[in-house]
Amino acid sequence: MVEQRDRHPTPEGQRPPIHIYDTTLRDGAQREGLALSIEDKLRIARRLDALGVPFIEGGWPGANPKDVQFFWQLKETPLTQASITAFCSTRRPGKVAAEEPMLQPVLAAGTEWITLFGKSWDLHVTTGLQTTLAENLAMIDDTIRYFRSQGRRIIYDAEHWFDGYKANPDYALETLEAAVNAGAEWLALCDTNGGTLPHEVGAIVTAVHTWLQQFPEPRPQLGIHTHNDSGTAVANAMAAVEAGATMVQGTINGYGERCGNANLCTLIPNLQIKLGYPCIAPARLETLAETSRFISEVVNLAPDDHAPYVGRSAFAHKGGIHVSAVEREPKTYEHIDPATVGNSRRIVVSDQAGLSNVLVKARSFGLELDRHNPASRQLLTRLKALEHEGYQFEAAEASFELLMREALGDRPRFFDLKGFYINCQHQGNGDDHSSQSLATIKVMVGEEEILAAAEGNGPVAALDTALRKALLTFYPAIANFHLSDYKVRIIDSGAGTAAKTRVLVESSNGAQRWTTLGVSTNIIEASYQAVTEGLEYGLMMETARPHCAIGGEIDRFDADMALQKTRETALAKLKQELGFE
Ligand SMILES: CC(=O)SCCNC(=O)CCNC(=O)[C@H](O)C(C)(C)COP(=O)(O)OP(=O)(O)OC[C@H]1O[C@@H](n2cnc3c(N)ncnc32)[C@H](O)[C@@H]1OP(=O)(O)O
Ligand SMILES: CC(=O)C(=O)O
C-alpha cells in the first residue's frame, strides 16, 4: 500500500519522495504499433513491480476483454509491492454513477486504487461531451463519491488540464474542486495534447499548489502526466515536480499515444540522481537499463540505442580523444556512473578511433596489447584504411576481433574456402514467378577437401547452406548457428551498379549474438565474407579460444583435443558413407 508520505513533514532541505506512477500498460499501449497480450501485460507488471514502482496502471477494465482478464489474473498472483490501479472515465452525462454499467467492471477489477479521468477544458465539455459545464462537475463529483462509497481510493486525472486552465482557469479550478470535495487523494494534472512548455507547466502547477492550500488537511497531493508532442514531456514533468507535484506519471521507454508519454527511464534518474528527489531504492535503480530492454523485448519494439541513461550507446565512446580521457577519468565524458542505472561503458572502434580505443578493445577481447607494441599502431592504421574502404567495425565487433587476432597471429583457422560457384534461375513474371539459386563450394578442413552443393531461395541462403553442409561433420556446433539478421547498404550509391556494398550479418547460437561484415562491389562476395566470418567467430567461441570476447573461457587443451576427436569421427563417418572403407 502507498503511504501518503508528504503528509509527514519533510526535514528541512530534504526533497520529498516522488511517487512514480507507470502507465505503460494503459497509455503506453495506446502507441500506434504496440499491442500487448495478457501474458505480455503480466510480465511487464511483474517487471515494474520488481523495479520498485509504487503505482502501476493496469488498464481500463471493461474497455476490452483482455483488460478484464488481466485484473482477474493479477488477483490470483498479486504483485509484491506495487499498487495496481484500474483506469476509467467519469460516468456519462445524464446518468447516475451507481447505475452506470461501464463503472461495474472497474469495481469488479477489485483494486484499492481507481484512476478516474475527467474533463477540465470547457471546450471538451461542450463540444466533446456535448453537455453543460455544470453536468461535467456533477459527473466528476458523482463518480468519485460512488467509488469512494465502495471503499476505493481515487487518483483523479484532470484531462487537458493545462489547455483548460489557459482557456478558462476559473472553470478548470472548479473541476478540481469537485474532485477534492468528493474525496480524490491525488490530482494528476495532464498535458493531454502535449503542447505545453516547461515554463508554463512550472507557473500553472505553482498556481494550483497555492490554490490547494485553502483546503483543510489532509488535502490531495498533485501529480503530473505529460505527453511528448513538443519534445518536452520529461522537462515538463520535472518542472511540475519543482513546482510541488509529488507524483509523476509516465511510461517505460516513453511509449504512448502519438509522440509518447514522459519517459520514466529518463525521468527517474533525472529526479533522483540530478535533483535529489527519492523515487526508487538505489539498488532497484541499478536494474533500470535491464528493465527498459526487457520491456522493449516484450512489446517487440527495437530498443532506442541512443536513449538517455538506458540506451546501448548512452555511455559508448567513439572519438579517440574521448576514449583516451575516459580511460584516465570516466567523469571527463560521462555525466554519471553508468552502473547507477545498470548500464555500462562501451568503446566503439571506427575511423574516429585513436590508439586508446584499440587498446581498450583488445583488453575486452582478452588480448595483451600495449601502446608501445608496434602492432597497436599498425592495427589502428589498418582499421582506418578498411573504414575508408567502406568497412564499419562499430556495428561488427566480431569482425574487428578477428582482424585484431589476425594481426597478432592469434586467429584460428577452421577452414579455407577454395572457391564457390553460384547459379541463379528466375522464371516467369509478376506474381507468377519463381527463383531458385544453387551454390557449389569447395572448402578445405585441414588436409581434407570437401565439395558441397545446396539450393536456396536466394544466392546467399544457398551459399550459407552449402558452407554449413560442408562443415557440419567437422564442426557439429554449426548446427546451432543461424543467421538472425542480414543487412545490406550501398556505400557509394553515385557509382550505380558498380557501387560498393556493405553486408552486415548477425549470427546467433541461441545464447549469444555476434555481427560480422563484408565489403565488396559484388554483393555475393560481400555476403560471403560476412557469412564465413560469422561461422568462424561462432566456432572460435565454441572451440575454446582462450579469451574469446563473448564466448567465455574454456580450457584450450581440452577443447583442442575434443575438436580433433570430433574431426576424426566425422572424417571416418564421411569416408564410410562414400565407400572408402
Ligand atoms: C486522454 C486519454 O488517453 S483517455 C483514454 C483513452 N483511451 C481509450 O479510449 C482506449 C479505450 N477506449 C475504448 O475502448 C472505448 O473508447 C470505450 C469502451 C471507452 C468507449 O467506447 P464507445 O462507447 O464505443 O464510445 P466511443 O469510443 O465511440 O466514444 C467515447 C465516448 O466516451 C465519452 N467520453 C469521453 N470522455 C469522457 C469522460 N471524461 N467522461 C464521460 N464520458 C466521456 C465520449 O463523449 C463518447 O461518448 P458517446 O459515445 O456518448 O459520444
Ligand atoms: C489521462 C490521460 O492519459 C491524458 O490526459 O493524457
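Computed from a predicted model, the values in this text were never measured in an experiment.

J.: Looking at this structure, how should I read a positive patch on the surface?
T.: A cluster of basic residues, R328, R371, R377 and K384, forms a positive patch on the protein surface. Within the fold, R371 resides in the loop between helix 14 (355-364) and helix 15 (374-389). Residue R371 is classed as partly exposed on the basis of its relative accessible area, which comes to 41%.

J.: Would you explain the site of ligand 2 in this entry?
T.: In the vicinity of ligand 2, the contacting residues are R26, D27, D157, E159, C190, T192, H225 and H227. Within the side chain of H225, one N or O atom sits 3.1 Å away from an oxygen atom of ligand 2. One of the side-chain nitrogen or oxygen atoms of H227 is found 3.1 Å away from an oxygen atom of ligand 2. Considering only residue class, the shell around ligand 2 consists of 1 nonpolar, 3 polar and 4 charged.

J.: I tried to follow the packing of helix 14 against helix 15 on my own but got confused; where do I start?
T.: Where helix 14 meets helix 15, the closest approach of the two axes is 9 Å, and the angle between their N-to-C directions is 110 degrees. Classified by the angle their axes make, helix 14 and helix 15 are roughly perpendicular. For the pair helix 14 and helix 15, the contacting residues are L355, V358 and L359 in the first and S376, R377, L379 and L380 in the second.

J.: Would you take a moment to explain the site of ligand 1 for this structure?
T.: If you check the shell around ligand 1, you find 16 residues, and the closest are R26, Q30, T90, K119 and E159. One nitrogen or oxygen atom from the side chain of Q30 is found 3.2 Å from a nitrogen atom belonging to ligand 1. Out of a free accessible area of 1000 Å², ligand 1 has 50% covered by protein chains. Of all the elements in the fold, those that place two or more residues in the shell around ligand 1 are strand 3 (83-89) and strand 4 (113-119). Per element, the largest residue contribution to the shell around ligand 1 is 3 residues, and it comes from strand 4. Of the residues in the shell around ligand 1, the class split is 6 nonpolar, 6 polar and 4 charged.

About the criteria used
Residues numbered from 1 in each chain as written. Chains lettered and ligands numbered in written order. Predicted model: local features only at pLDDT ≥ 70, side-chain atom pairs only at ≥ 80, totals over all residues. Heavy atoms only, no water. Patch = residues over 30% accessible without salt bridge, like charges linked within 9 Å, V, L, I, M, F, W, Y side chains within 5 Å. Areas by Shrake-Rupley, 256 points an atom, 1.4 Å probe, with all protein chains shown as cover. Salt bridge = Lys/Arg side-chain N within 4 Å of Asp/Glu carboxyl O. Lys, Arg positive; Asp, Glu negative; His and termini not counted. Charge placed at Lys NZ, Arg CZ, Asp CG, Glu CD. Helix = DSSP H or I, 4+ residues; strand = E, 2+ residues; numbered from the N terminus. Buried < 20%, exposed > 50% of the residue type's maximum accessible area, 1.4 Å probe, protein only. Near = heavy atom within 4 Å. Polar contact = N/O pair within 3.5 Å; in protein donor to acceptor, adjacent residues only side chain to side chain. Nonpolar A, V, L, I, M, F, W, Y, C, P; charged D, E, K, R; others polar. Axes fitted to C-alpha atoms, helices over the stretch in contact; angles between N-to-C directions. Parallel < 35°, antiparallel > 145°, perpendicular 65-115°, else oblique. Contact = heavy atoms within 4.5 Å.

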